[in-house]
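Now for the letters of each chain:
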Amino acid sequence: MENLPRGLPAPPPPGAAALPPGTYAGQVVLVTGGGTGLGKAIATEFARLGADLVIASRRAEQLEAARRELAAVPGAGRVAAAACDIRDPERVAEVFDAAEAALGLPDVLVNNAAANFPSPAEDLSPNAWRAVVDITLTGTWFMTREFGRRHLAAGTPGSIVNIGASYAWTGGPGFSHSAAAKAGVKSLVETLAVEWGPYGIQINGLVPGLFPHADMTEDIRGGLERAAPGARDARQPALRVGAPHELGWAATFLASPYARFVTGHTLVVDGANWQRRSVVAPEVVPVREQLGRGPFGG
Ligand SMILES: CCCCCC(=O)SCCNC(=O)CCNC(=O)[C@H](O)C(C)(C)COP(=O)(O)OP(=O)(O)OC[C@H]1O[C@@H](n2cnc3c(N)ncnc32)[C@H](O)[C@@H]1OP(=O)(O)O
Ligand SMILES: NC(=O)c1ccc[n+]([C@@H]2O[C@H](COP(=O)([O-])OP(=O)(O)OC[C@H]3O[C@@H](n4cnc5c(N)ncnc54)[C@H](OP(=O)(O)O)[C@@H]3O)[C@@H](O)[C@H]2O)c1
């Protein structure tokens with residue numbers, strides 16, 4: 001019988017936990033951007049394992065809807081929502097104050113919030129560059145700094161997971177701002193693992209491949225083949241895209257007691273898609289032509 005390529009097997013369905021029940025019972029997990037997309041999927045898997053959750057992002061209404069959804073996850077602990085722009089270090093400190101007062105100092109920080117839109121590099125205004133770099137890199141740093149300072153002062157251990165992107169290594173034509181920011185985020189993982197390891201603070205990166213979801217911004221969705229989570233995709237070695245709960249499982253492992261000797265590492269969950277490079281590749285189409293844009297935003 002002909003052995004047809006089937007791609008990587010589908011994961012178990014949502015609802016299964018990757019770690020023992022209660023792994024995060026009594027632990028507080030703070031997820032930025034936890035009200036949408038992959039952040040919500042990650043928060044869901046921590047909730048399933050008993051964590052108390054804080055989700056933080058700018059839009060209060062959407063956060064509240066997600067807070068209710070997360071509180072209904074079987075096994076979930078308490079769930080709090082904090083409206084916050086992570087570009088504002090004072091607001092970041094207030095989120096930690098509120099989290100400490102309500103639930104305790106977060107044991108785990110997942111830096112998932114980020115900003116991105118496709119643009120030819122030469123078209124980016126100074127403000128467009130700043131918006132993406134300030135949210136993705138500087139916002140991640142403000143959250144990380146606040147988490148680190150509080151744990152250093154308290155003498156307690158903690159674990160950070162930074163959500164990245166594979167163009168931190170490869171560069172990202174059409175996403176120069178986001179790729180530069182994600183390279184910075186990856187660099188922070190490698191630096192801080194060494195600086196803070198002696199104090200019991202772990203920090204790792206987690207890179208999603210293509211994980212389509214309903215909350216994707218129009219800008220990002222427009223540049224992709226529309227596909228349902230886990231759908232078949234003949235252009236990837238896995239022959240499918242990722243299912244958001246697969247990323248959630250990876251995050252719960254990286255921050256768990258079972259990964260205590262793993263730090264400074266960035267785990268790529270993308271079915272080897274980013275390795276698909278060859279000296280013979282599809283014909284070059286300039287980014288400006290791909291995006292259908294004239295020079296300098298015209
Ligand atoms: C490929 C797989 C990787 C996928 C990675 C992701 O999904 S990352 C996650 C994607 N999700 C998100 O990005 C959600 C959050 N995104 C956002 O809030 C927005 O998109 C944002 C990044 C622009 C930030 O919003 P702000 O409210 O801070 O900024 P604001 O709307 O004032 O815009 C700031 C500057 O960016 C410019 N700008 C905004 N969108 C632009 C676009 N599509 N092309 C060019 N420039 C743009 C604006 O004109 C402005 O510059 P001027 O003032 O000069 O006019
Ligand atoms: N989906 C993919 O295929 C893919 C691939 C590679 C990497 N990633 C990475 O995965 C992570 C999640 O992306 P996603 O696909 O789930 O996108 P998303 O749904 O657009 O998530 C971005 C989140 O960040 C929050 N956010 C943005 N700016 C913020 C700010 N200034 N302060 C606080 N929160 C802010 C947003 O909420 P508010 O707008 O309410 O603030 C939103 O919840 C990102 O780090 C992204 O780079 C995703």
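Worth saying up front: this structure is predicted, and the values here are computed from it rather than measured.

## Some thoughts on the nonpolar core
Counting residues in each nonpolar core, the largest one holds 30 residues, and the members touching the most others are Tyr24, Val29, Phe46, Leu53, Val110 and Leu206. Secondary-structure elements contributing two or more residues to this core are β1 (28-32), α1 (37-48), β2 (52-57), α2 (60-71), β4 (108-111), β5 (158-163) and α8 (244-254). Ranked by residue count, the leading element in this core is α1, at five residues. Ignoring any residue separated from it by four or fewer positions in sequence, one finds Leu53 in contact with Val29, Val31, Ala43, Phe46, Ala47, Leu70, Arg78, Val79, Ala80 and Leu103. Of all hydrophobic cores here, the second largest spans 29 residues; its members include Ala56, Ile86, Val92 and Phe142.

## A word on the site of ligand 2
As a structural note, the neighbourhood of ligand 2 is formed by 25 residues, with Thr36, Arg58, Asn112, Lys182 and His213 the closest of them. Within the contact set of ligand 2, an oxygen atom lies 3.4 Å away from a backbone nitrogen or oxygen of Gly33. In isolation ligand 2 exposes 880 Å². Once the protein is present, 88% of that is buried. Classifying every residue of the shell around ligand 2 gives eleven nonpolar, nine polar and five charged.

## Side note on the pattern of salt bridges
Across all of its chains, the model carries 14 salt bridges by this definition. Across the salt bridge formed by Arg68 and Glu64, the nearest N and O atoms sit 3.3 Å from each other. In this pair, Arg68 and Glu64 are both assigned in helix α2, four residues apart and thus about one turn of the helix distant. Here the salt bridges share partners, and the residues they tie into one network are Asp97, Glu100, Glu146 and Arg150.

## Focus: empty space enclosed by the protein
Summed over the entire model, instances satisfying the criterion amount to one cavity of 30 Å³ or more. Taken together, Asn162, Gly164, Ala165, Ala168, Trp169, Lys182, Val185, Lys186, Val189, Gly205, Val207 and Thr266 form the lining of the largest cavity. Considering every element that reaches the lining of the largest cavity, the biggest residue donor is helix α6 (residues 176-196), with four residues. Its residues placed into classes, the lining of the largest cavity shows six nonpolar, four polar and two charged.

About the thresholds
- All residue numbers refer to positions counted from 1 along the written sequence of the respective chain.
- Just so you know, chain letters begin at A and ligand numbers begin at 1, following the order they were written in.
- Thresholds applied to this predicted model are a pLDDT of at least 70 for local features of residues and 80 or more for the giving and counting of side-chain atom pairs; totals over whole chains, interfaces and linings are not thresholded and use all residues.
- As a convention, hydrogens and water are excluded, and side-chain values are obtained from all of the structure's heavy atoms.
- Nine residue types can take part in a nonpolar core, namely buried Ala, Val, Leu, Ile, Met, Phe, Trp, Tyr and Cys, and a core is a set of them joined through side-chain atoms within 4.5 Å.
- Partly exposed residues are those whose accessible area sits between 20% and 50% of the maximum for their type, while under 20% is buried and over 50% is exposed, using a 1.4 Å probe and protein chains only.
- Think of it this way: any DSSP run of H or I at least four residues long counts as a helix, any run of E at least two long counts as a strand, and we number them from the N terminus.
- Throughout, a contact is declared for two residues whenever any of their heavy atoms are within 4.5 Å.
- One heavy atom within 4 Å of a molecule or strand is enough for the residue carrying it to be called near that molecule or strand.
- Two N or O atoms count as a polar contact when they lie within 3.5 Å, although within protein this holds only if one can serve as hydrogen donor and the other as acceptor, and sequence-adjacent residues are included solely when both atoms are side-chain atoms.
- Surface accessibility in these figures is a Shrake-Rupley result with a 1.4 Å probe; residues are shielded only by whichever protein chains are displayed.
- Amino acid classes used here: Ala, Val, Leu, Ile, Met, Phe, Trp, Tyr, Cys and Pro are nonpolar; Asp, Glu, Lys and Arg are charged; the rest, including Gly, are polar.
- Think of a salt bridge as a Lys or Arg side-chain nitrogen and an Asp or Glu carboxyl oxygen that are within 4 Å of each other.
- The way it works is a 1 Å grid over only the protein atoms, where trapped points that fit a 1.4 Å probe form a cavity and open points with protein on both sides within 12 Å along at least five of seven lines form a pocket, and then any residue with an atom within 4 Å of a point lines it.
- Grid points are joined across faces, edges and corners, and a volume is the space filled by probe spheres set on the points.

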